[in-house]
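Below are the chains, spelled out letter by letter.
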Amino acid sequence: MNFKENETKDKLRGGYYTPSAVAQFLSRWVLCAKPQTLLEPSCGDGAFIRALDSFDIANLAVTGVEKLGGEATKARKVAASLSARAAQIVKADFLQWAQEKLDAGACFDAITGNPPYIRYQYLDEEDQELSAQLFDRFSLTFTKHTNAWVPFVIACMGLLSPGGRLAMVIPSELMHVLHAGSLRKFLLQHSKRVLMVDPNELLFEAALQGTVLLMVEKKGKPDEISEGVAIHAAPDNSFLNRDPEQLFQESKYVSGEVLNGKWMKVLLEPEELAVFEKAKALPTVKKFLDVAKVDVGIVTGANRFFLVDDSTVTKFGLQKFVKPMFGRSEHCPGVVYDQALHESNRQRGLPTNFIFIEKDENLSRLPKRVLEYIELGESQKLHTRYKCRIRSPWFSVPSVYSTPIGLLKRSHNFPRLIFNQLGAYTTDTAYRITPLSSSLNAEKLVYCFVNSLTALTAELEGRHYGGGVLELVPSEIEKLLIPLPAIRPHLAQLDQAIRAGTCPLQLLKSQDEKVLTAAGFSEEEGQLLRQALIRIRRRRQRLLGEAAAEDNE
């Protein structure tokens, strides 16, 4: 977890300055609609206002809002040099200012900018409350996991005139994170068209944040039919030399009904989307929630204390109080966790022991060295951590049980289920998976999980951040599509192939030929699913320059 005191000043205020070429590209697009009024909601030192100077804005009234006095002063100097009909910079908290303008019925024909990227927990209490008020104003579901840019865009859409244009630089996580779900719904409800230009290159290296250029045309009338969402993938920044209006008009838009929640499907080509939609109707393809139960792993509140290596067990005499466990990718190089692998992990010095002291264990009867270990944890203030202090005693962890299958929260190339042959325990770095039917054995579920359809669904339903690692939460796992044809699983063979470091794409192709073919997919359809997976996975990992040999499988 990141803490506020450890973050940089730029990150705490969410300020990352927009490159001039990007500001000019977006400004050029909104000005194509001949607006009379333009708003910049977080103008900083005036990057977007400065960009206007390259265009004919004699009939334009410009309003900029900036919270920081020093930045507002810089922006005023830029605004004073504009040839606009009028230009003003307001020093104000935008979320407060926007609500006052919304109350007054104000609107703007065009809105440009780069809103702040600040985690909810880093916002001051006033802005946290203002964010919640904005969601409530538009009857949107609010979550405290939100980021400052989300209420900023919602407020801007509220202030945008019918038929107006909004052009902003925002995190690419708009497409997939759960906390942006209300914004996605709001944009589809009020927009005629939404285009995202998706640069492969990071625009803000210091932010470690992938971004998109969001270009929105608001509906002229509430009952106007939305054309949906489109994305333009930009392998480099040469798109900045193109006509943004032509790009906007020529893009292929996908309807909101097809997108259904997250917007990752917009990355699929029409023929790929057709195969994906077909898959959902096949009787051999199931949603994960229909075949298995997903539970979080054991929540300790202090994994470093409760997960220990053999030397710690020996030092503190914990032998009677430990259970075998796994919870990291280094513990599970394949898809089977058995006694042999557990012994190998132990010999490597990995933390393979979970400390489990029963709640009703008599404290006075615990061995002296075990008590010393508990005291060591208390000297590190572990008993004051939230998850530890709300239970008694703090060192007795609840909900301790194992399941026949595990699933690590995060993955690099594609997620894998782990057949828990040993019956080991897992922490909250993994999920506990239990088949719902006795007719579906764990080995088959683990085997069939490795295929391009399931991996593609994970890319579409999961989320990723700056590092490019794919992460899944239970509600997303439950939506995964998994083919379960009548085949005999060769789990040992698959486990050996993964452990041997087989090329992921070759491995998936081999699995597709067995699992997808038996499930009713043609060879061409399997190839289309792999093709989509490769492209979306590379987008996540920013690996567009990967060896062409992998493209050809």
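What you see is a predicted model, and the numbers here were worked out from it, not measured in a lab. (Residues numbered from 1 in each chain as written. Predicted model: local features only at pLDDT ≥ 70, side-chain atom pairs only at ≥ 80, totals over all residues. Heavy atoms only, no water.)

Considerations on the packing of aromatic side chains
Evaluated as defined, the whole model comprises 19 aromatic pairs. Aromatic side chains F94 and F152 sit 4.9 Å apart centroid to centroid with 35° between the ring planes, which places their arrangement in the tilted category. Taken together, the residues span a long stretch of sequence, with F94 in helix α5 (residues 94-104) and F152 in helix α7 (residues 149-159) at a distance of 58 residues. A relative accessible area of 3% means that F94 is categorised as buried. Taking relative accessible area as the criterion, F152 reaches 8% and is therefore assigned buried. Residues F138 and F186 carry aromatic rings whose centres are separated by 4.9 Å and whose planes lie at 50° to one another, so their mutual orientation is tilted. Here the residue F138 occupies a position in the loop between α6 (125-137) and α7, and F186 occupies one in helix α8 (residues 181-190), the gap between them amounting to 48 residues. Using a relative accessible area of 23% as the deciding quantity, one classes F138 as partly exposed. The rings of F305, F306, F316, Y373, W394 and F395 are connected pair by pair, giving a single aromatic cluster. Note that R165 overlies the ring of F248, its terminal NZ or CZ placed 5.6 Å from the centroid. Its end group placed over the ring of Y401, R432 keeps NZ or CZ at 3.8 Å from the ring centre. (Phe/Tyr/Trp six-rings, centres within 6.5 Å; stacked < 30°, edge-to-face > 60°. Helix = DSSP H or I, 4+ residues; strand = E, 2+ residues; numbered from the N terminus. Buried < 20%, exposed > 50% of the residue type's maximum accessible area, 1.4 Å probe, protein only. Lys NZ or Arg CZ within 6 Å of the ring centre and 35° of its normal.)

Overview of the pattern of salt bridges
One pass over the structure, following the stated rule, counts 25 salt bridges. The closest approach of N and O atoms between E71 and K74, which form a salt bridge, is 3.1 Å. Linking E71 with K74, this pair stays in helix α4 (residues 69-80), spanning three residues, or about one helical turn. Look at E71 and you get buried, because its relative accessible area is 8%. Taking the relative accessible area as the measure of exposure, K74 reaches 44% and is therefore partly exposed. (Salt bridge = Lys/Arg side-chain N within 4 Å of Asp/Glu carboxyl O.)

Considering helix α22 (residues 504-519)
Look at α22: 21 Å from first C-alpha to last across 16 residues, which is about the 22 Å you get at 1.5 Å a residue. D512 marks where α22 bends most, by close to 40°. Regarding α22, the residues found buried are L505, L507, L508, Q511, D512, V515, L516 and A519. Immediately downstream of α22, the backbone of G520 shows phi near 110°, a positive value. (Expected span 1.5 Å × (residues − 1). Bend = angle between axes of the 7 residues up to and from the residue.)

Details of the sheet that holds strand β8 (residues 228-234)
The eight strands lie next to each other as β3-β2-β1-β4-β5-β7-β6-β8, forming an open sheet whose pairing is mixed. Across the chains shown, the open sheet's two edge strands, defined by having one partner strand only, are β3 (86-91) and β8. Between one strand and the next, the sheet's axes are offset by a mean angle of 15°, whatever the strand orientation. Relative to β8, strand β6 (residues 191-199) is paired through seven bridges, and the arrangement is parallel. The partner of M196 across the bridge, within β8, is I231. Running over the sheet, α8 touches β6, β7 (211-218) and β8 and is turned about 130° from β6. (Pairing = 2+ DSSP bridges. Axes fitted to C-alpha atoms, helices over the stretch in contact; angles between N-to-C directions. Contact = heavy atoms within 4.5 Å.)

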